Amino acid sequence: MSEGLTRSAKLWALGAAIPFLLSLLLLGFAASRQTFLAFAIGWPIIQIFGYAGSLKRAKGQIDHPLVKTQVMLHWMMLAILIAIFTRVL
C-alpha cells in the first residue's frame, strides 16, 4: 500500500497546482483592485469542483485521461487570461 506516485503523476499534479495557485493570486489582485472579481472568485471554485469530480470518477488516479483533460482546460483558461491581460495592458 506504500506505492509512491510515478514521475508522470507528479508532473500532472504540479500541472494542476500551478493554475490553482495562480487563480488564488488573481483573486488577491482582483480583491485589492476591486476589478475582475466575478471571474477571480469563480475560477478557483470551478477548479476545486472540477478536480474533485474528475479525481473521484478516476478513482484517485492522477494519470487518468479525465484528470489530464481537467488540467489542460485550466491551462487553456490561464492562456486566455494572459491574452486578455496583454491585450488590455
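Residues numbered from 1 in each chain as written. Predicted model: local features only at pLDDT ≥ 70, side-chain atom pairs only at ≥ 80, totals over all residues. Heavy atoms only, no water.

A. Spotlight on the packing of aromatic side chains. Here the structure, examined in full by the defined rule, presents 3 aromatic pairs. Between Phe 36 and Phe 85, the ring centres sit 5.7 Å apart and the planes meet at 55°, which makes this aromatic pair tilted. Pair noted here: Phe 36 is in the loop between α1 (7-33) and α2 (37-57) and Phe 85 is in helix α3 (residues 65-88), with a separation of 49 residues, a long-range link. Overall, the relative accessible area of 29% leaves Phe 85 in the partly exposed class. Within the aromatic cluster, the residues linked to one another by ring pairs are Phe 36, Phe 39, Trp 43 and Phe 85. (Phe/Tyr/Trp six-rings, centres within 6.5 Å; stacked < 30°, edge-to-face > 60°. Helix = DSSP H or I, 4+ residues; strand = E, 2+ residues; numbered from the N terminus. Buried < 20%, exposed > 50% of the residue type's maximum accessible area, 1.4 Å probe, protein only.)

B. Quick look at the nonpolar core. If you look at the biggest cluster of nonpolar residues, it comprises 6 residues: Leu 26, Ala 30, Ala 40, Trp 43, Leu 78 and Leu 81. Contributions of two or more residues to this core are made by α1, α2 and α3. Those residues in contact with Ala 30 that sit more than four places away from it in its chain are Thr 35, Phe 36, Leu 37 and Ala 40. (Core = buried A, V, L, I, M, F, W, Y, C linked by side-chain atoms within 4.5 Å. Contact = heavy atoms within 4.5 Å.)

C. Summary view of the packing of α1 against α3. Their axes nearest at 9 Å, the elements α1 and α3 cross at an angle of 40°. Relative to α3, α1 is oriented oblique. Of the two possible hands of crossing, α1 and α3 adopt the one that is left-handed. For the pair α1 and α3, contact is made by Trp 12, Gly 15, Ala 16, Ile 18, Pro 19, Leu 22 and Leu 26 and by Lys 68, Val 71, Met 72, His 74, Trp 75, Leu 78, Leu 81 and Phe 85, respectively. When the residues that make up the contact of α1 with α3 are grouped by side-chain class, the tally is 12 nonpolar, 2 polar and 1 charged. (Axes fitted to C-alpha atoms, helices over the stretch in contact; angles between N-to-C directions. Parallel < 35°, antiparallel > 145°, perpendicular 65-115°, else oblique. Left-handed = near helix turned anticlockwise from the far one by under 90°. Nonpolar A, V, L, I, M, F, W, Y, C, P; charged D, E, K, R; others polar.)

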